[in-house]
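Residue-level structure breakdown
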Amino acid sequence: MKKKIAILFGGQSTEHEVSRVSASSVLKNIDKTKYEIYSIGITKDGKWLEYKGKIENIENGEWESDEENKIPNGQNILFNKEVDVVFPVLHGLYGEDGTIQGLCKLLKIPFVGPGVLSSALCMDKIYTKYVLENFGVKQADYVVVNKFDYNKDKESIINHIEEKLGYAVFIKPSNSGSSVGITKAHNRERLVSGLEEALKYDRKVLVETAINAREVEVAVLGNDEPKAAVPGEIIPAKEFYDYEAKYKNEASKLLIPAALSKEEEEEIKKLAVDIYKMLDCQGMSRVDFLIDKDTDEVYLNEINTLPGFTSISMYPKLWQASGKGYSQLIDELIELAIDRGND
Ligand SMILES: Nc1ncnc2c1ncn2[C@@H]1O[C@H](COP(=O)(O)OP(=O)(O)O)[C@@H](O)[C@H]1O
Ligand SMILES: [Mg+2]
C-alpha cells in the first residue's frame, strides 16, 4: 500500500513565498509510485486548504484564487488521521518553530524534521546561543535587546552595545529567517534604525559582532546516528546574504564543495553533527557557519531545521554532491519520520 503523505506549503510567515517554491520542488520530485500525496496550502492568514490543481500554481501563488481545485478545511486531513506522515515544507514562524510539530505530535502523526523542542530552539537565535555557549561552541559576541527595556531607556542600551561590541554589528530579530528584518550597522545611526527595524518582527533582538567571514553550510541528516554531507559555501552577491541576495540576485553562488582542506572539511562536518545532537535535532537540519577570513576560526551562525528545499537550494544540493539524489533524500526523510514515530 502506498504511504499517504501530507505536504504542507505556504504558511503564516515572512517566508511564505519561499515555502511555495520549496514545496513545488518536493511535489515535482517525490516518487508518486510510492506515495499518495495530499497537498495542503496554508494561507498567510492561516486558512488550510487542500489543493488539487497544478504544481506550477503553487509555485506562482495562483493556487489561492483557483476556486475549482481548493477544498476548505485542509486541516481535517490531519485531524481525521488520513495520512501516515506530514512533511511540513514550511519555513519560519508557524512552521519551522515547533508549532506545526506540536500539532502533529498531539495528533500522533509522524512528521519530517526535528521535534518540538529543537524546532523552537533553533528558530530562536538568542536561545540557540544560550544553549550552545554551555557546550563551548564558538559564536559571535552578542547583546540581547528586549523591546520593553529598549523603549524605556534607549540611550543606555545603545551605549552598552557600543562598549561591548563596537562596529560593525548585525542586528537580527531573534525569530527570523531568510534575512528578513536583518541589517548590518557601521555606526550609531544605523544601529538605531536597525534596532527599530528588527523590533518590528520580534520583541527580542540579537545584536552581534560582524565577522569578516566566509559562509559555510553543512547538511545533516538522521535521527540517532546523523551524518553530514559535503560542506558548501555561499558566495553572496552583496555585502551580506540578505533576502535579495538569497532569492533574487542571480550573482549569488553556491560553491560545492566549499573551499576547505580535507582536515578542515572533516572538522566542520563533525562540529555540525555535534551541534545537531546538542540541540536534539532529528530528521534533518542545515548547520551554518561563519569562518573568519583573517583567522580561519569557525563560528556557528545558525541552524535551520527546515532548510530551503528547492532543487537548487543548498541542502538538497549538498546531498546530491554526496551521492544522494533529491527523490532519494525525500524517501529517507519520510523513513526517518516513521522510524522516530512519536518519540
Ligand atoms: N555575525 C555575523 N557576521 C557576518 N555576517 C553575518 C553575521 N550574522 C549574519 N551575517 C550575514 O547575514 C546573513 C543572514 O543572517 P542569518 O543569521 O543567517 O539569518 P537568517 O535566519 O535570516 O538566514 C548571513 O547569511 C550572513 O551573510
Ligand atoms: Mg541564514
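Quick caveat, the model's predicted, so the values are computed rather than measured.

With that settled, consider the pairing of strand S1 (residues 3–10). If a strand is regular, its side chains alternate between the two faces of the sheet. With respect to burial, S1 is a largely interior element, six of its eight residues being buried. Here S1 runs beside strand S5 (residues 85–88); their pairing, made up of four bridges, is parallel. Bridging across to S5, Ile-7 finds its partner in Phe-87.

All right, on to the pattern of salt bridges then. Evaluation of the coordinates by the stated rule reveals 23 salt bridges. Across the salt bridge formed by Glu-302 and Lys-125, the nearest N and O atoms sit 2.9 Å from each other. On the criterion of sequence distance, the pair formed by Glu-302 in strand S15 (residues 298–304) and Lys-125 in helix H6 (residues 125–134) is long-range, its members being 177 residues apart. Between Arg-188 and Glu-155 there is a salt bridge; the shortest N-O distance is 3.8 Å. Residue Arg-188 is found in helix H9 (residues 188–199), and its partner Glu-155 is found in helix H8 (residues 154–165); the two are separated by 33 residues along the sequence. With relative accessibility at 31%, the residue Arg-188 sits in the partly exposed group.

Before going further, it helps to examine a nonpolar patch on the surface. Taken together, the side chains of Tyr-127, Tyr-130 and Val-144 define a hydrophobic patch exposed on the protein surface, amounting to about 240 Å² of accessible area. Mapped onto the fold, Tyr-127 is located in helix H6. Residue Tyr-127 is classed as partly exposed on the basis of its relative accessible area, which comes to 41%.

To continue, consider the UniProt feature "binding site: Mg(2+) 2" (unreviewed entry) in the chain. When the UniProt feature table is mapped onto this chain numbering, "binding site: Mg(2+) 2" (unreviewed entry) sits at Glu-302 and Asn-304. Residues in contact with Glu-302, not counting those within four places in the same chain, are Lys-125, Arg-286, Val-287 and Asp-288. Structurally, the position occupied by Asn-304 is in strand S15. Looking at Asn-304, the relative accessible area reads 13%, which means it is buried. Apart from the residues within four sequence positions on either side, Asn-304 is in contact with Glu-96, Ser-285, Arg-286 and Asp-288.

We now examine the packing of helix H1 (residues 16–29) against helix H13 (residues 326–340). Taken N-terminus to C-terminus, the directions of H1 and H13 make an angle of 95 degrees; their axes are 9 Å apart at the nearest point. Here H1 lies roughly perpendicular to H13, going by the angle between them. The residues of H13 that touch H1, namely those facing Ser-22, Ser-25, Val-26 and Asn-29, are Tyr-326, Ser-327 and Ile-330. Of the residues assigned to the contact of H1 with H13, the class counts are three nonpolar, four polar and no charged.

This part covers the domain arrangement of the chain. Considered domain by domain, the chain is made up of domain 1 (3–111), domain 2 (122–138 + 212–340) and domain 3 (142–209). Here the C-alpha centroids of domain 2 and domain 3 sit 25 Å apart. In this assembly, 16 residues from domain 2 lie in contact with 19 residues from domain 3. Three residues stand out in domain 2 for area buried against domain 3, namely Lys-125, Ile-126 and Phe-240, and they jointly supply 38% of the buried area on that side. Here domain 2 and domain 3 share two salt bridges between them.

Judged by nonpolar contacts, the single largest core of 36 residues is most densely connected at Ile-7, Phe-87, Met-284 and Phe-309. For this core, the elements supplying multiple residues, two or more each, are S1, H1, strand S3 (48–51), S5, strand S10 (213–222), helix H12 (314–321) and H13. By residue number, the principal contributor to this core is H13, which donates seven residues. Each of domain 1 (3–111) and domain 2 (122–138 + 212–340) accounts for three or more of the residues forming this core. In this structure, Ile-7 is in contact with Ala-23, Val-26, Leu-27, Ile-30, Ile-37, Tyr-38, Ser-39, Ile-40, Phe-87 and Val-89, ignoring residues within four places of it in sequence. Listed in part, the 22 residues of the second largest apolar core include Leu-121, Ala-258, Val-287 and Ile-303.

What counts, and where the lines are drawn
- Residues numbered from 1 in each chain as written.
- Chains lettered and ligands numbered in written order.
- Predicted model: local features only at pLDDT ≥ 70, side-chain atom pairs only at ≥ 80, totals over all residues.
- Heavy atoms only, no water.
- Buried < 20%, exposed > 50% of the residue type's maximum accessible area, 1.4 Å probe, protein only.
- Helix = DSSP H or I, 4+ residues; strand = E, 2+ residues; numbered from the N terminus.
- Pairing = 2+ DSSP bridges.
- Salt bridge = Lys/Arg side-chain N within 4 Å of Asp/Glu carboxyl O.
- Patch = residues over 30% accessible without salt bridge, like charges linked within 9 Å, V, L, I, M, F, W, Y side chains within 5 Å.
- Areas by Shrake-Rupley, 256 points an atom, 1.4 Å probe, with all protein chains shown as cover.
- UniProt positions renumbered as here; feature names shortened; annotations may be inferred.
- Contact = heavy atoms within 4.5 Å.
- Axes fitted to C-alpha atoms, helices over the stretch in contact; angles between N-to-C directions.
- Parallel < 35°, antiparallel > 145°, perpendicular 65-115°, else oblique.
- Nonpolar A, V, L, I, M, F, W, Y, C, P; charged D, E, K, R; others polar.
- Domains from an automatic or database assignment.
- Buried area = accessible area lost by both parts, 1.4 Å probe.
- Core = buried A, V, L, I, M, F, W, Y, C linked by side-chain atoms within 4.5 Å.

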